[in-house]
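The lines below spell out each chain.
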Amino acid sequence: MASALTSGWKGSRSPARPDHLALKILFWGTPAYAVPSLDALVAAGHELVGVVSQPDRRRGRGKDLLPSPVKARALELGLPVFTPERIRREPELQARLGALGADVFVVVAFGQILPPEVLAQPPLGCWNAHGSLLPRWRGAGPIQWCLLQGDSSTGVGIMAMEEGLDTGPVLLERSISIGLLENAQQLGQRLAQLSAELLVEAIPRIEAAGTGPEAERLARLGVRVQGEVGLSYARMLSKDDLVVDWNQSALEIHRRVMGLYPGAVTQWQGKRLKLLASEPLVARLASQLSPEARCLLAEPGVLSKEVLAAAAAPGTVLALAADAGLVVGTAGCPLLVRAAQLEGKSPAQGQSLLQQLGCIPGDRLCHLSRF
């Protein structure tokens, strides 16, 4: 996950219940998405014997070498941290992790595939909190892809890990609806919190099932084996995916803006323009739009047939709305661009955005020709 998320666990802090022992957990995670789960397991009274995260990376404009959000939080909690470059190629570290004596491994957006030697270590198994309702979106970017494809709902599944990519049986899952105007960061924050809640619920069940052969443990847990119906792969996104194509419909472009937040880009007067918020001005979606967007749909003249006919080329600025942003033509209904960031400038919205761009009706946003 590339988005910055709220890191604090919002659930109630409570000690381990007296009817079970606190488990020894080795936690695997990297982005801010995983921090609420780490906090939740600590708050539930479990013993975190260690945290495994991706190595420090260069980030930000200064390209400073910085720890991952999970590593930073683990250090704040005083937990030992391990940062393998490639865990499958580091047998000595694998042995050190096994010697920690964890009862169970918990994985939340770690970013590397665990090899069989690691998966076999904990007596209660390896469990992953996956940000989709499996098998709808297996792979690296389930949050982005559910938005890109216009899914009306998504959720979290607590899955027993195996060698395949997100193919393991599911112990717990819970769904949530997706709002039309919700972006990837906002949805990610909700799913991160849901992951934390479900992990706290799942761990006592995993403990109660006991040790033994994996097939027997899973049978006692009553897991749901994944089928192949509805299977999709959330592939890694590329720079090409970020480029807005104005020849698409308003709804398709909107899904790109919100699903790839904050990365969808177009071009304005030779400069990169990052689109941060939008609304498809589609009459049938009016009940899900903002009051400002609904006013544009209702206001006579702003989006009249004459205005639309005059702007035959997709990407043409149709109208300026001081309280909302700029209305841009697409292959179908118009798109309201509510917030954007021009190359070299700060993010802007509404009237500030219009002043920053200095555009007028008839100007055009173009396909990005460079990054």
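Before reading further, recall that the structure is shown in the block above.
Not measured: the values here are computed from a predicted model.

## Considering the overall build of the protein chain
Consideration 1: Each helix and strand counted, the protein chain has 12 helices and 17 strands in total.
Consideration 2: In terms of principal-axis extent, the alpha carbons of the protein chain reach across some 70 × 45 × 35 Å.
Consideration 3: Summed over its atoms, the accessible surface of the protein chain is roughly 16900 Å², and 51% of this surface lies on carbon and sulfur atoms.
Consideration 4: Charged side chains of the protein chain number 37 positive and 34 negative; the gap between the two group centres comes to 4 Å.

## Observations regarding the side chain of K71
Consideration 1: Within the fold, K71 resides in helix α2 (residues 69-76).
Consideration 2: K71 sits in the buried class, given a relative accessible area of 16%.
Consideration 3: Ignoring anything within four residues of it in the chain, the contact list for K71 reads S53, D56, V81 and T83.

## Some words on the environment of V257
Consideration 1: With respect to the element layout, V257 can be found in helix α9 (residues 250-259).
Consideration 2: Considered as a pair, V257 and L276 are 19 residues apart in the sequence and their alpha carbons are 6.4 Å apart.
Consideration 3: Each residue touching V257, except ones within four places of it in the same chain, is listed here: A264, L275, L276, A277 and S278.

## Overview of the sheet that holds strand β6 (residues 104-108)
Consideration 1: The strand order across the open sheet formed by 7 strands is β5-β2-β1-β6-β7-β9-β10, and the pairing between neighbours is mixed. Each having just a single partner strand, β5 (81-82) and β10 (170-177) make up the two edges of the open sheet.
Consideration 2: Judged from the 5 bridges that link them, strand β1 (residues 24-29) and strand β2 (residues 47-52) form a sheet pairing that is parallel. Across the sheet, F27 pairs through a bridge with V51, a residue of β2.

## Looking at the pairing of strand β12 (residues 265-268)
Sheet faces and side chains relate simply in a regular strand, where the side chains alternate between the two faces.
Consideration 1: Burial of β12 is two-sided: the residues V265 and Q267 facing one way and the residues T266 and W268 facing the other way are all buried.
Consideration 2: Relative to strand β13 (residues 271-280), β12 runs antiparallel, the two being bridged by 4 bridges. Bridged to W268 within β13 is K271.
Consideration 3: Counting the residues that bridge the hairpin from β12 to β13 gives 2 residues, and of these Q269 lies at a positive phi of roughly 50°.

## What to know about the packing of helix α6 (residues 184-209) against helix α7 (residues 214-221)
Consideration 1: Following both chains from N to C, one finds α6 and α7 inclined at 125°, their axes separated by 9 Å at the closest point. As judged from the angle between their axes, α6 and α7 are oblique. Between α6 and α7 lies a crossing whose hand is right-handed. For the pair α6 and α7, contact is made by R205, I206 and A209 and by R217, R220 and L221, respectively.
Consideration 2: Partitioned by chemical class, the residues of the contact of α6 with α7 number 3 nonpolar, no polar and 3 charged.

What counts and how
- All residue numbers refer to position in the chain's written sequence, counted from 1.
- In view of the model being predicted, local features appear only for residues whose pLDDT reaches at least 70, and side-chain atom pairs are presented and counted only at 80 or more, with totals across whole chains, interfaces and linings using the full set of residues.
- Side-chain calculation: all heavy atoms of the structure are included, whereas hydrogens and water are not.
- For the purposes of this entry, the term helix denotes a DSSP run of H or I that reaches at least four residues, the term strand denotes a run of E that reaches at least two, and both are numbered from the N terminus.
- The protein chains shown are the only cover counted for residues, whose accessible areas, like all others here, come from Shrake-Rupley with a 1.4 Å probe.
- All tallies of charge rest on Lys and Arg as positive and Asp and Glu as negative; His and the ends of each chain are not included.
- To locate a charge, take atom NZ for lysine, CZ for arginine, CG for aspartate or CD for glutamate.
- Per-residue accessibility, obtained with a 1.4 Å probe over protein chains only, is compared with the maximum for each type, and a residue is labelled buried under 20%, exposed over 50%, and partly exposed between these values.
- Should any heavy atoms of two residues lie within 4.5 Å, those residues are counted as being in contact.
- Strand pairing requires that DSSP identify at least two bridges connecting the strands.
- Every axis corresponds to a line fitted to the C-alpha atoms, with the helix fit spanning only the stretch in contact, and the corresponding angles, defined between N-to-C directions, vary from 0 to 180 degrees.
- Angular relationships are summarised with four words: roughly parallel below 35 degrees, roughly antiparallel beyond 145, roughly perpendicular across 65 to 115, and oblique for the angles in between.
- Crossings are classed by handedness, with left-handed meaning an anticlockwise turn of the near helix from the far one by less than a right angle and right-handed meaning a clockwise turn.
- Charged means Asp, Glu, Lys or Arg here, nonpolar means Ala, Val, Leu, Ile, Met, Phe, Trp, Tyr, Cys or Pro, and polar covers whatever is left, Gly included.

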